[in-house]
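Each chain, written out:
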Amino acid sequence: MKETEELLKQIEQDIKNNLTPKRYEHSIRVMKRAEELAKKYNVDVKKAKIVGLAHDIAKDMSKEQKLAYVEENQIETDEIERINIELLHGKIGADICKKRYDFPDDMQKAILYHTLGNPNMDELAKIIFIADKTEEDRTYVDFEKLKEAEKNGLNSLMIYVLDMSIKYTIYKGKIIHPDSIYTRNYFLIHNTDI
Ligand SMILES: [Fe+2]
Ligand SMILES: [Fe+2]
């Protein structure tokens, strides 16, 4: 992997070319939020910034492009991902970042898990997941509750964010991917924060 500053510049250029201006701005805010959380919880700040910036790199590919990408790169998909093709942007983004920027395993996993969550998430993956859902422009965040969870730690934040995103998925009438349920249950059972 390249030096941090050089890599950040390269990714910024790539997402500028591949994402809508709105999504590009979101990526910048997630990078900043990930940096803030990494500092607070003693996680590698450089990695958090790079992954925060790159996490949605595949998001604005068309459905056809996403399906072609998983086919060509032999990425396994499940039934729900084939119905809600949007969900594939984590898997595709992780694969792109591995091949294009030589991301190590932990950074790939943070992108892979950023949409649905996963019980095997490490601290970096948790930070990206939380940063993505709580960047300053997210209107549905209850910032009072968020502050409370932040005091307790990353696992409490995971539960707060999963509750919020599962409720939002129900509100929109969409299918809930079981990975989000498994992840929420995992953190409720294994919450070591308090
Ligand atoms: Fe995303
Ligand atoms: Fe995102």
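Note that this is a predicted model, so its numbers are computed, not measured. In this numbering scheme, every chain counts its residues from 1 along its sequence in written order. Chains and ligands are labelled by the order in which they are written, letters from A for the one and numbers from 1 for the other. Only residues with pLDDT of at least 70 are given local features in this predicted model, and only at 80 or more are side-chain atom pairs given and counted; all residues enter the totals for whole chains, interfaces and linings. Side-chain numbers here rest on the full set of heavy atoms in the structure, without hydrogens or water.

A.B. asks: Quick question: what am I supposed to make of the pattern of salt bridges here?
C.D. replies: When their charged atoms lie close together, side chains carrying opposite charge are able to pair. Within this document, salt bridges are pairs made up of a side-chain nitrogen of Lys or Arg and a carboxyl oxygen of Asp or Glu, the two lying within 4 Å of each other. Counted according to the given criterion, the structure contains 20 salt bridges. Bridged by salt links that share partners, the residues Arg-33, Glu-36, Lys-40 and Glu-150 form one connected network.

A.B. asks: Is there a simple way to explain the coordination of the iron ion (ligand 1) in this structure?
C.D. replies: Octahedral six-donor coordination of a metal ideally yields angles of 90 or 180 degrees, compared with 109.5 degrees for tetrahedral four-donor coordination. Counted as coordinating are nitrogen, oxygen and sulfur atoms within 2.8 Å of the metal, or 3.2 Å for Na, K and Ca, while water is not included, which may make sites look incomplete. Taken together, the protein donors to the iron ion (ligand 1) comprise Asp-56 (OD), His-89 (NE2) and His-114 (NE2), at separations of 2.1 Å. Mapping the donors of the iron ion (ligand 1) onto the primary sequence gives the spacing D-x32-H-x24-H. A separation of 3.5 Å is found between the iron ion (ligand 1) and the iron ion (ligand 2), both of which receive a donor from Asp-56. Taken together, the positions of His-89 in helix H6 (residues 89-101) and His-114 in the loop between helix H7 (105-112) and helix H8 (123-134) put the pair 25 residues apart, joining distant regions of the chain. Note on accessibility: His-89 and His-114 belong to one class, buried. What counts as a helix is a DSSP run of H or I of at least four residues, what counts as a strand is a run of E of at least two, and both are numbered from the N terminus. We call a residue buried when its accessible area falls under 20% of the maximum for its residue type, exposed when it is over 50%, and partly exposed in between, using a 1.4 Å probe and counting protein chains only.

A.B. asks: Sorry, what's going on with helix H1 (residues 4-18) here?
C.D. replies: One turn of the α-helix equals 3.6 residues, which is why residues spaced by three or four share an orientation. A helix's residues, less one, multiplied by 1.5 Å, set its expected span. When the terminal C-alpha atoms of H1 are compared, their 21 Å separation across 15 residues agrees well with the 21 Å that a helix rising 1.5 Å per residue should span. In what follows, a contact means two residues having at least one pair of non-hydrogen atoms within 4.5 Å. Against helix H2 (21-40), helix H3 (45-54) and H6 lie the buried residues of H1.

A.B. asks: Mind showing me how you'd approach the coordination of the iron ion (ligand 2) here?
C.D. replies: Distances from the iron ion (ligand 2) to its protein donors, namely His-26 (NE2), His-55 (NE2), Asp-56 (OD) and Asp-132 (OD), fall within the range 2.2 Å. The geometry test gives tetrahedral to four donors whose angles all lie between 85 and 135 degrees, gives square planar to four donors and octahedral to six donors whose opposite members are over 155 degrees apart with all other angles between 65 and 115, and gives irregular to the rest. Around the iron ion (ligand 2), the four donor atoms sit at angles spanning 83 to 176 degrees, and that spread fits a shape best called irregular. Positions of the donor residues of the iron ion (ligand 2), expressed as sequence spacing, correspond to H-x28-H-D-x75-D.

A.B. asks: What is the right way to look at the nonpolar core in this model?
C.D. replies: Nonpolar side chains tend toward joint burial in soluble globular proteins. The criterion is simple. A nonpolar core is a set of buried Ala, Val, Leu, Ile, Met, Phe, Trp, Tyr and Cys residues joined through side-chain atoms within 4.5 Å. If you look at the biggest cluster of nonpolar residues, it comprises 57 residues, and the most contacted ones within it are Ile-11, Val-51, Ile-92, Phe-103, Ile-127 and Leu-157. Per-element accounting of this core gives the leading share, eight residues, to helix H10 (residues 154-171).

A.B. asks: For this particular structure, what's the right way to read unusual backbone geometry?
C.D. replies: Among all residues except glycine, the phi angle is most often negative; among peptide bonds, the trans geometry is most common. Even without being a glycine, Gln-74 presents a positive backbone phi close to 50 degrees. Considering the arrangement of structural elements, one finds Gln-74 in the loop between helix H4 (63-72) and helix H5 (79-83). Residues other than glycine seldom take positive phi values, yet Asp-102 does so here, at roughly 60 degrees. Mapped onto the secondary structure, Asp-102 falls in the loop between H6 and H7.

A.B. asks: Honestly, a nonpolar patch on the surface in this entry has me stumped. Any pointers?
C.D. replies: Where nonpolar side chains cluster on the molecular surface, the patch consists of Tyr-140, Tyr-168 and Tyr-171 and spans about 370 Å² of accessible area. Relative to the assigned elements, Tyr-171 resides in helix H10. Any residue with relative accessible area above 30% and no salt bridge may belong to a patch, with like charges joined within 9 Å and the nonpolar Val, Leu, Ile, Met, Phe, Trp and Tyr side chains within 5 Å. Surface exposure here means Shrake-Rupley accessible area, sampled with a 1.4 Å probe, where a residue is shielded only by the protein chains that are shown.

A.B. asks: How should the side chain of Asp-56 be read in this particular structure?
C.D. replies: If you trace the backbone, Asp-56 turns up in the loop between H3 and H4. The side chain of Asp-56 sits in the buried core without any salt bridge; Arg-23 is the nearest counter-charge, 4.8 Å away. Counted as a polar contact is a pair of N or O atoms within 3.5 Å, where, for protein atoms, one must be capable of donating a hydrogen and the other of accepting one, and residues adjacent in sequence contribute only when both atoms are in side chains. Among the polar contacts listed, one links the side chain of Asp-56 to the side chain of His-26, at a separation of 3.2 Å. In this charge count, Lys and Arg are treated as positive and Asp and Glu as negative; neither His nor the chain ends contribute.

A.B. asks: Is there a simple way to explain the packing of H2 against H8 in this structure?
C.D. replies: A pair of packed helices is characterised by two quantities: the angle between their axes and the separation of those axes. At a minimum axis separation of 8 Å, H2 and H8 run at an interaxial angle of 130 degrees. As the angle between them shows, H2 and H8 are arranged oblique. As for how H2 packs across H8, the hand of that crossing is right-handed. Facing H2, whose interface residues are His-26, Val-30, Arg-33, Ala-34, Leu-37 and Ala-38, H8 presents Ile-127, Ile-128, Ile-130, Ala-131, Asp-132 and Thr-134. Across the contact of H2 with H8, the residue classes break down as eight nonpolar, two polar and two charged. Under this scheme, a helix contributes an axis fitted over its contacting stretch, all axes are lines through C-alpha atoms, and angles between N-to-C directions fall in the 0 to 180 degree range. By definition in this entry, angles of less than 35 degrees are roughly parallel, angles greater than 145 are roughly antiparallel, angles of 65 to 115 are roughly perpendicular, and the rest are oblique. For any pair of crossing helices, the crossing counts as left-handed if the nearer helix is rotated counterclockwise from the farther one by less than a right angle, and right-handed if it is rotated clockwise. Polarity classes work like this: nonpolar for Ala, Val, Leu, Ile, Met, Phe, Trp, Tyr, Cys and Pro, charged for Asp, Glu, Lys and Arg, and polar for all others, with Gly in that last group.

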